[in-house]
Amino acid sequence: MPDTGAEARAKLVRRVILDTSIAAVVVIGMGVARGVYSNELMLFNFVMFLALAQGLNIIYGFTGYLPFGYVGFYGAGAYGFSLVVMHLHASALVGMAAAAVAALVLAVILLPLLRLSGAYFAIASMAAAQAVYEVVANPDLENITKGPYGVSLSDVFAPAFSYYIALAILAFTLLLVVWLRNSRFGMSLQAIRDDSVSAAMAGVSVVRGRTIAWLLSALVAGLVGGVFAWHISVFYPDTAFDLNISIFATVFLLFGGATTLCGPLLGVFILYGIYNVIGIAVPQYFEFTYGALIVLLVLFLPNGLVSLLTNRGIRVP
């Protein structure tokens, strides 16, 4: 027998509670970890990639668009933060607002890319990120962006405070994914991903759905870029627009499994954990291990680790 309205609502409430509880455990766990583990930079990078992988999940997992140039929003956020702090002598929190605005403005400018699909969209987004990098790193703009010579924000350097702001951004991002997984809007996005024509015929606004997902995804990356600039305080354009950031976030997402809350979390904890254990000390073994894991994943688990459970009918948060 089909579920009654009351039973369906009860199931939804239980799912939301479970998803929210997982998000809370992750955020609280990373907060506690800072008090018991001395390598704060490594923990910050974990938090950063946890948020970036989930931000990428919003646009790829729910709409099927995979932007290889996702780092462009991250870099825009880092420089949006930096320009306001350097030239207006604003507080770091005002700089975070500027980071969000910078990423959203770039996302609005790049909205026409959503007319593309597949590899064309992925490559075009990467080219757009490279174009933004070339503008920021231009020596002629040294008086504005500091060009290729790097940014120094020592006046707002506050590693402890910025770490907890990064945790707040992670919590915000996780709650966004929880909402998308359990809301009508999130289900409409998945319908668009699976068959945009059928979704449009069913009354779903395809353009509106994709636009909102694109802006939310960009907002997350911009906030992460802003808190990166705040936490590090000294960085170069090559760091803020490093394509490896997009690659890592994409691999973490695909390894764990898109559209889920736990998939990207597993991808970051497993793969970035391996990177910190093997990659830094013996990078040659890391590259071999990383490559082997990815090949095995593509061959045997194309939908990520969570497919081991979903293929058996088990719902993964």
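Before reading further, recall that the structure is shown in the block above.
Presented here is a report on the structure given in the accompanying data block. (Residues numbered from 1 in each chain as written. Predicted model: local features only at pLDDT ≥ 70, side-chain atom pairs only at ≥ 80, totals over all residues. Heavy atoms only, no water.)

1. Quick look at the packing of aromatic side chains
Taken as a whole and judged by the stated rule, the model has 22 aromatic pairs. Plain terms: the ring middles of Tyr79 and Phe235 are 5.5 Å apart, the flat faces sit at 80 degrees to each other, and that makes the pair edge-to-face. With a gap of 156 residues between them, Tyr79 in helix α3 (residues 71-88) and Phe235 in strand β2 (residues 234-235) connect regions that are remote in the sequence. In this structure, Tyr79 and Phe235 share a single accessibility class: buried. Here Phe81 and Trp230 contribute two aromatic rings whose centre-to-centre distance is 6.2 Å and whose plane-to-plane angle is 20 degrees, an arrangement assigned as stacked. Remark: Trp230 occurs in helix α10 (residues 206-232) and Phe81 occurs in helix α3; sequence separation between them is 149 residues. We classify Phe81 as buried; its relative accessible area is 0%. Here the aromatic cluster, defined as three or more aromatic residues joined through ring pairs, consists of Phe46, Phe49, Phe248, Phe252, Phe269, Tyr272 and Tyr275. (Phe/Tyr/Trp six-rings, centres within 6.5 Å; stacked < 30°, edge-to-face > 60°. Helix = DSSP H or I, 4+ residues; strand = E, 2+ residues; numbered from the N terminus. Buried < 20%, exposed > 50% of the residue type's maximum accessible area, 1.4 Å probe, protein only.)

2. Some thoughts on the layout of surface pockets
If a probe the size of a water molecule is rolled over the atoms, the empty space left behind becomes visible. By volume, the largest pocket is sized at about 400 Å³. Every residue lining the largest pocket is counted, 17 residues in all, and those nearest its centre are Asn45, Met48, Phe49, Asp242 and Tyr272. Sorting the residues of the lining of the largest pocket by element identifies α2 (40-63), α10, α12 (243-256) and α13 (262-279) as the ones contributing at least two each. Considering each element in turn, the lining of the largest pocket owes the most residues, 5 residues, to α2. Considered class by class, the residues forming the lining of the largest pocket number 12 nonpolar, 4 polar and 1 charged. Considering the residues around the second largest pocket, the lining is formed by 19 residues, among which Leu254, Gly257, Ala258, Pro302 and Asn303 are closest to the centre. (1 Å grid on protein atoms, 1.4 Å probe; cavity = no way out; pocket = protein on both sides within 12 Å on 5 of 7 lines; lining within 4 Å. Points joined across faces, edges and corners; volume = space filled by probe spheres on them. Nonpolar A, V, L, I, M, F, W, Y, C, P; charged D, E, K, R; others polar.)

3. Quick look at empty space enclosed by the protein
On inspection of all chains with the given rule, the structure shows 1 cavity of 30 Å³ or more. Estimated volume of the largest cavity: approximately 50 Å³. Lining the largest cavity are Pro67, Gly69, Tyr70, Gly72, Phe73, Leu106, Leu110, Ser125, Ala128, Ala129 and Trp214. Among the elements of the structure, α3 and α5 (118-136) are those that each provide at least two residues to the lining of the largest cavity. The leading source of residues in the lining of the largest cavity is α5, at 3 residues.

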